[in-house]
Amino acid sequence: MNNNIVKNSIRFLGLVLIQVLILSNINFLGYINPYLYILFILLYPFNSNRSLFLILSFLLGFSIDLFEDSGGAHAAACLVLAFVRPNLLRFSFGISYDHQNLRLSTTPFGARVSYIFISILIHHFILFFLEMFSLSHIIIVLKKTLFAGLFSVILIMLSLAVFSKKYR
Amino acid sequence: MQQIFNFLIRNKNNILFLFLLALSVFFTIQTHSFHKSSFISSANSLTGGIYSWANDFDKYMHLDEYNERLMEENKQLRNVLTNLKDTIPIENYTDTSSFEGTYYFRTARVINNNYSKPNNFLTLNQGKESGIKADFGVITSKGVIGIVDRVNKRFSRVISILNSESKINAQLSKTNHFGSLIWNGENPNIVQLIDVPRQAPVKKGDTIITGGKSLIFPEGIPIGQIENFELDQSQSYYTIDVKLFNDMTNIGYVYVIENLDKENIQELEREDEQ
């Protein structure tokens, strides 16, 4: 339990710093940045206290907002993602999630990709929509969601592969 | 009563979710309305501190380039200065710059710069302690950067010209036809000058400078070159694409301009209104 708290705190701080100091300055093709920090939400223990999880996700997005001057766009996107996560888990992993014995590194590859991909699409869409804040730019929002989303999926899959215990 | 409590406890996660969502949407709306001051910005001591610490590394990588820019600027200023000596007796000339009016310049370093979003901000490593206040103009030797918007003790946040909320008064350098400078959010090197009357002689390659209508920038600071232009839907105003002289993706050091006459002028205008 204690170990879990330490691990998640380090992950929280580490991901925020990596995001704002490195990843947000990539600007691939002018505007595409990966958002790795939602890895925190994706990996947060599945059977933990729901209220605490919502508050932590909000704080995660809010700290990114502080650095990037984006108001509350990241906070809202993270919050919604955290809120719908149980549904996504049930959708992607089915029965094993309901039995609460799920570990992300042991799930089938296809299910894991679908979980990560859908989460990222939801998060990025809300994020870019709130950043633009107008319906007339919806095409740009969708374009950014798709491109940045692919970039994020690749980066998240890679970091999962590098840091997962299965391969050690 | 018991039932109300039961209801609240049963739905505590949903209520928490809705509350936090409302809070974040509120923050978002606040950043999108220009004149309301938002409490959250990157000009606070935590984020500013982290950014300036990280920027220290970056600074060393670009020292050569900054030196070159300074040499270039020194050369230009020396040219202006030698010409001045020929024309007017320098002792009577109290103004430190070649611009009209009285302006005070401060230097600052950009520690955070973004340009890929629809609303971009910069963070500077100087704040109230060095005398910077909101609504000061920010330029480099090459052109306009933006306007200071929030200040804290040691840091300040600048609304970049690459921000859909920014509206800077600008004019053609050859004639006095002026318009407003906006950004459509697409290319970080190109901004749009709108509301230039049709009578203005617009030509590709002409220079755009800041106009004299603003209390923030001195008149005549360069902005960019005309890249393309067309008449708007009403056929009476030009919309001009302006290619910036500044590379907004690589700024480094900036000057912060204070207009010393601003309060006097505003006071005078207020008297007029009454």
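Residues numbered from 1 in each chain as written. Chains lettered and ligands numbered in written order. Predicted model: local features only at pLDDT ≥ 70, side-chain atom pairs only at ≥ 80, totals over all residues. Heavy atoms only, no water.

## Here we look at the sheet that holds strand E5 (residues 156–163) of chain B
Residues and elements named next belong to chain B. Spatially, E1-E2-E5-E4-E3-E12 is the arrangement adopted by the 6 strands of the closed barrel, whose pairing is antiparallel. When strand polarity is set aside, the average angle formed by the axes of neighbouring strands in this sheet is 45°. Bridge analysis of strand E3 (residues 137–139) against strand E12 (residues 253–259) gives 3 bridges, and the strand direction is antiparallel. Bridge pairing links Gly137 to Ile257 in E12. (Pairing = 2+ DSSP bridges. Helix = DSSP H or I, 4+ residues; strand = E, 2+ residues; numbered from the N terminus. Axes fitted to C-alpha atoms, helices over the stretch in contact; angles between N-to-C directions.)

## Side note on the interface of chain A and chain B
Buried accessible area, meaning the area lost when the parts come together, often serves as the stated size of an interface. Contact residues are listed per partner, giving 31 residues for chain A and 33 residues for chain B. Counting the surface lost from both chain A and chain B, the interface buries some 2,900 Å², and carbon and sulfur atoms represent 68% of this. When the area that chain A buries against chain B is broken down by residue, the three leading residues are A:Leu66, A:Phe67 and A:Asp69, summing to 23%. Counting the contacts that link chain A with chain B gives 2 salt bridges. With a shortest N-O distance of 2.8 Å, A:Asp69 and B:Arg157 are connected by a salt bridge. Between the two partners, chain A and chain B, sit 5 residue pairs in polar contact (both at pLDDT 80 or more). Elements with a minimum of two residues in the side of chain A that touches chain B: helix H1 (2–21), helix H3 (50–68), helix H4 (73–93) and helix H6 (109–132) of chain A. For the side of chain A that touches chain B, the leading source of residues is H3(A), giving 9 residues. Residue classes in the side of chain A that touches chain B are distributed as 19 nonpolar, 7 polar and 5 charged. (Contact = heavy atoms within 4.5 Å. Buried area = accessible area lost by both parts, 1.4 Å probe. Salt bridge = Lys/Arg side-chain N within 4 Å of Asp/Glu carboxyl O. Polar contact = N/O pair within 3.5 Å; in protein donor to acceptor, adjacent residues only side chain to side chain. Nonpolar A, V, L, I, M, F, W, Y, C, P; charged D, E, K, R; others polar.)

## Here's the deal with the domain arrangement of chain B
Residue and element names in this part refer to chain B. Split by domain assignment, chain B resolves into domain 1 (45–163 + 250–260) and domain 2 (168–244). Inter-centroid distance (C-alpha atoms) of domain 1 to domain 2 is 22 Å. Counting residues at the interface gives 22 residues for domain 1 and 15 residues for domain 2. Buried surface at the junction of domain 1 and domain 2, both sides included, amounts to about 1,500 Å², of which 75% is carbon and sulfur. Where domain 1 meets domain 2, there are 0 salt bridges. Linking domain 1 with domain 2 are 2 residue pairs in polar contact (both at pLDDT 80 or more). Its residues assigned to classes, the side of domain 1 that touches domain 2 shows 12 nonpolar, 6 polar and 4 charged. (Domains from an automatic or database assignment.)

## What to know about the side chain of A:Ser152
Residues and elements named next belong to chain A. Assignment of secondary structure puts Ser152 in helix H7 (residues 138–163). Among the polar contacts made by the side chain of Ser152, one reaches the main-chain amide nitrogen of Tyr35 at a distance of 3.1 Å. Side chain to side chain, Ser152 and His124 meet in a polar contact 2.9 Å long. Beyond its immediate sequence surroundings of up to four residues, Ser152 is in contact with Pro34, Tyr35, Ile120 and His124.

## Remarks on H7(A)
All names here are of chain A. Taking 1.5 Å as the rise per residue, H7 with 26 residues should run 38 Å; its terminal C-alpha atoms sit 36 Å apart, in good agreement. Every buried residue of H7 is accounted for by Val141, Lys144, Thr145, Ala148, Gly149, Ser152, Val153, Ile156, Met157, Ser159 and Leu160. Looking at the packing, one finds that the buried side of H7 touches helix H2 (39–43) and H6. (Expected span 1.5 Å × (residues − 1). Buried < 20%, exposed > 50% of the residue type's maximum accessible area, 1.4 Å probe, protein only.)

## Digging into the pairing of strand E11 (residues 237–244) of chain B
Residue and element names in this part refer to chain B. Every second residue of E11 is oriented toward a common face, the buried set being Tyr238, Ile240, Val242 and Leu244 and the non-buried set Tyr237, Thr239, Asp241 and Lys243. Bridge count between strand E10 (residues 222–231) and E11: 7 bridges; the pairing is antiparallel. In the sheet register, Glu230 faces E11, and the bridge partner there is Thr239.

## So, empty space enclosed by the protein
Remark: the empty space left among the atoms is shown by a probe the size of a water molecule rolled over them. Under the criterion given, the structure shown has 2 cavities of 30 Å³ or more. Approximately 150 Å³ is the volume attributed to the largest cavity. Along its surface, the largest cavity is lined by 17 residues, and A:Ser24, A:Asn33, A:Glu68, B:Ser116 and B:Lys117 are the ones closest to its centre. For the lining of the largest cavity, the secondary-structure elements that each account for two or more residues are H3 and H6 of chain A. Class assignment of the residues belonging to the lining of the largest cavity gives a composition of 6 nonpolar, 7 polar and 4 charged. Here the second largest cavity defines a volume of roughly 110 Å³. For the second largest cavity, the lining is made up of 15 residues, of which A:Asp69, A:Ser70, B:Thr31, B:His32 and B:Asn119 are closest to its centre. Among the elements of the structure, H6 of chain A together with helix H2 (12–32) and strand E2 (119–124) of chain B are those that each provide at least two residues to the lining of the second largest cavity. Considering every element that reaches the lining of the second largest cavity, the biggest residue donor is H2(B), with 3 residues. Residue composition of the lining of the second largest cavity, grouped by class: 4 nonpolar, 6 polar and 5 charged. (1 Å grid on protein atoms, 1.4 Å probe; cavity = no way out; pocket = protein on both sides within 12 Å on 5 of 7 lines; lining within 4 Å. Points joined across faces, edges and corners; volume = space filled by probe spheres on them.)

## Description of the nonpolar core
Among the nonpolar cores identified, the biggest contains 60 residues, and A:Tyr37, A:Phe40, A:Ile41, A:Leu60, A:Tyr115, A:Ile116 and A:Ile156 are the most heavily contacted of them. Within the residue set of this core, elements represented by two or more residues are H1, H2, H3, H4, H6 and H7 of chain A together with H2 of chain B. The biggest single contributor to this core is H4(A), with 12 residues. In contact with A:Tyr115, not counting residues within four places along its chain, are A:Ile41, A:Leu42, A:Phe46, A:Arg85, A:Leu88, A:Leu89, A:Ser92, A:Phe93 and A:Leu104. The next biggest cluster of nonpolar side chains, apart from the first, holds 43 residues, and it includes B:Ala108, B:Leu122, B:Ile240 and B:Val242. (Core = buried A, V, L, I, M, F, W, Y, C linked by side-chain atoms within 4.5 Å.)

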